[in-house]
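Examining the three-dimensional arrangement
Okay, here's what each chain looks like letter by letter:
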Amino acid sequence: MAINSTGLQPGQGADEGANRSHPSLSADVVDALSSTFLRCVECSTLYPAIESGRAPRYRCDCGGVLDVETEFRLPQQYRQTTKKIDPLQYSFEAEADSGMPSAGAAWRQIFDERASNPPIWPISMDRLLLDQSGVWRYRELILSAPERFVVSRPEGNTGLYPVGIENCGAGRIGHRQIGIYAGLERFFLKHEGENPSGSFKDRGMTVGVTMANLLGASAVACASTGNTSASLASYAAQAGMKGIVFLPAGNVAGGKLAQSLAYGAETIQIEGDFDDAMHLVEQVCNELGIYLLNSLNPFRIEGQKAIGFEILQQLDWHAPDWLILPAGNLGNTSAIGKAFRQAYNLSLISHMPRIASIQAAGANPFYRSFMQGFATRESMHAETVATAIKIGNPVSYTRARRVIEESDGIVEEVTDEEILAAKMVIDRAGIGCEPASAATLAGVRKLVARGIVKRDEQVVGILTGNLLKDSKTGIPQTLNGAVVKATIEAVKGVLNG
Ligand code: F0G
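Residues numbered from 1 in each chain as written. Predicted model: local features only at pLDDT ≥ 70, side-chain atom pairs only at ≥ 80, totals over all residues. Heavy atoms only, no water.

The pairing of strands in a sheet comes from backbone hydrogen bonds and takes either a parallel or an antiparallel form. With mixed pairing, six strands are arranged side by side in an open sheet as E4-E5-E13-E10-E11-E12. Edge positions in the sheet fall to strand E4 (160-162) and strand E12 (410-414), since each has one partner strand and no second. Going across the sheet, the axis of each strand differs from the next one's by a mean of 25°, ignoring polarity. The sheet contact formed by strand E10 (residues 322-326) and strand E13 (residues 458-463) spans three bridges and is parallel. In the strand pairing of E13, Leu323 is matched with Val460. The strands that helix H16 (residues 435-449) touches are strand E5 (186-191), E10, strand E11 (354-360), E12 and E13; relative to E12, the one it contacts most, it runs at about 110°. (Pairing = 2+ DSSP bridges. Helix = DSSP H or I, 4+ residues; strand = E, 2+ residues; numbered from the N terminus. Axes fitted to C-alpha atoms, helices over the stretch in contact; angles between N-to-C directions. Contact = heavy atoms within 4.5 Å.)

Structure follows, in structure tokens:
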């Protein structure tokens, strides 16, 4: 059977539960997606999430990228007992005074109850498994999907490390070095490298592969600088789908390449950079009917929003002043900004954090656009040691631009030297991260020095990938060759030496 976007031949699969307008999909899938729409971020055209007789849509007819739009509905039992509050009027104090809890309070209660379930469950109970996921715990705000279709490891629940000068306990003098380096009193690092495949990509991927599963896809593909491919390979293997990944030859860190191969994905290295691979994969997916799982796919963005929700929950729903993250293809900037906007509109939080996207100086098209007040959309040939963000023509430019504008945010650039220096500080504190992630610390240090981020503001920085992803860049390789005799004298010689 040829690889096909639905995995079904025409006419196949019209079982009893099937829906007339979408014969290959079961009725509960059609029903679940019936109030989910895709809106073009350029021209605002609205499309249904699934269009009868048409392959999945990743772009508007005008070429613009799409954004998922859906109405969030509180579970039935909360609807009568809460009231909607205008976000502009909202504060925790006003809510306490008003007697009747806001819808935001109900959402907080739902998510907190789910998070407090012990991590023990009979594996057949899909719902409890979903509650354990740091993505599906927020499912009403992520994707409406019948539970049996969800493909989850589960992911998320990553550490939020207090590393500021003031908020770092006395037992963690090592971690405090990070706060000193940044110049921040109340600083947290959210380590997304603690996800199952070692990067933040798992959050978008669980939702993307679930969507593929809902559509009955048999094959999924992406272009990648390495982390998306590792994540796709893992989730495709779990779902029993064929995973196909397009990588820029010679530009993917060893650990990431090893993951794709180990998880059994078809791994295609192309002559060219990430931007060439991205262009190619979109063409291949459209022509061969393979389900595309780059963050061009708006459902990936929906999953990545959960980083934002989880940070807010870990801070007991008190929004930080700033959120700092590395930026490449701009999916993550778009997703976290969207999460904060939605959390604010639902009265989950009382103000929007400002967002700072940090680019490598050799891969800085978004920074260049920002510096011109977004008058033009820049693209370039990218070069940086941080291969994960070596991207010259980011797909989610328009989505991310909106986030920076709406959140009164900023885009900053940092040199490779600054990235490697910051990585060493994070590594030596015992936390560790891959090079691209260290752009967060390098960037915030610069923003503090420039007086844009204030020393006493509360700041959350995201570490996007695990130290083990790239064991070569910015890690001392001096042990090679330094073998000593197995004697106490030899060891004393080294330690005293
Ligand atoms: N940090 C890491 C470790 C990444 O792998 C990426 C993106 C980013 C930051 C930037 O995030 O693209 O959403 O702005 N990696 C993609 C990949 C491109 O293929 O793994 P973004």
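Under the defined criterion, the tally for this structure stands at 25 salt bridges. For the salt bridge of Asp427 with Lys423, the shortest nitrogen-to-oxygen distance reads 2.8 Å. Residue Asp427 and its partner Lys423 are both found in helix H15 (residues 416-428); the two are separated by four residues, about one turn of the helix. For Lys423, a relative accessible area of 0% gives the class buried. Several salt bridges share partner residues, and in doing so they unite Asp67, Glu302, Lys305, Lys338 and Arg402 into one network. (Salt bridge = Lys/Arg side-chain N within 4 Å of Asp/Glu carboxyl O. Buried < 20%, exposed > 50% of the residue type's maximum accessible area, 1.4 Å probe, protein only.)

Bringing the nonpolar core into the picture now. In terms of nonpolar packing, the biggest core is built from 107 residues, with Trp107, Leu143, Phe246, Tyr291, Phe299 and Leu323 touching the most fellow members. Sequence-distant contacts of Leu323, defined by excluding residues within four places in its chain, comprise Ile311, Ile336, Phe340, Arg354, Ile355, Ala356, Val460 and Ile462. Ranked by size, the runner-up nonpolar core spans 36 residues in total, among them Ile358, Ile389, Ala429 and Leu463. (Core = buried A, V, L, I, M, F, W, Y, C linked by side-chain atoms within 4.5 Å.)

Let's shift gears to a nonpolar patch on the surface. Taken together, the side chains of Val484, Val491, Val494 and Leu495 present a nonpolar region at the surface, about 370 Å² in accessible area. By the secondary structure assignment, Val491 is in helix H17 (residues 488-496). On the basis of relative accessibility, which here comes to 37%, the residue Val491 falls in the partly exposed class. (Patch = residues over 30% accessible without salt bridge, like charges linked within 9 Å, V, L, I, M, F, W, Y side chains within 5 Å. Areas by Shrake-Rupley, 256 points an atom, 1.4 Å probe, with all protein chains shown as cover.)

Burial analysis of E5 places five of its six residues in the buried class, which makes it a mostly covered element. Bridging between E4 and E5 involves three bridges; their strand directions are antiparallel. Residue Leu160 lies in a different strand from E5, and its bridge partner there is Lys190. Pairing of E5 with E13 involves six bridges; the strand directions are parallel. Within E13, the residue paired with Lys190 across the bridge is Ile462.

With that out of the way, let us pick up the packing of H15 against H16. In a pair of packed helices, the angle between the axes and the distance between the axes together describe the arrangement. The N-to-C vectors of H15 and H16 enclose an angle of 100°; their axes lie 7 Å apart at closest approach. Accordingly, the angle class assigned to the pair H15 and H16 is roughly perpendicular. Mapping the contact onto sequence places Glu418, Ile419, Ala422, Lys423, Val425 and Ile426 in H15 and Pro435, Ala438, Ala439, Leu441, Ala442 and Lys446 in H16. Residue composition of the contact of H15 with H16, by class: nine nonpolar, no polar and three charged. (Parallel < 35°, antiparallel > 145°, perpendicular 65-115°, else oblique. Nonpolar A, V, L, I, M, F, W, Y, C, P; charged D, E, K, R; others polar.)

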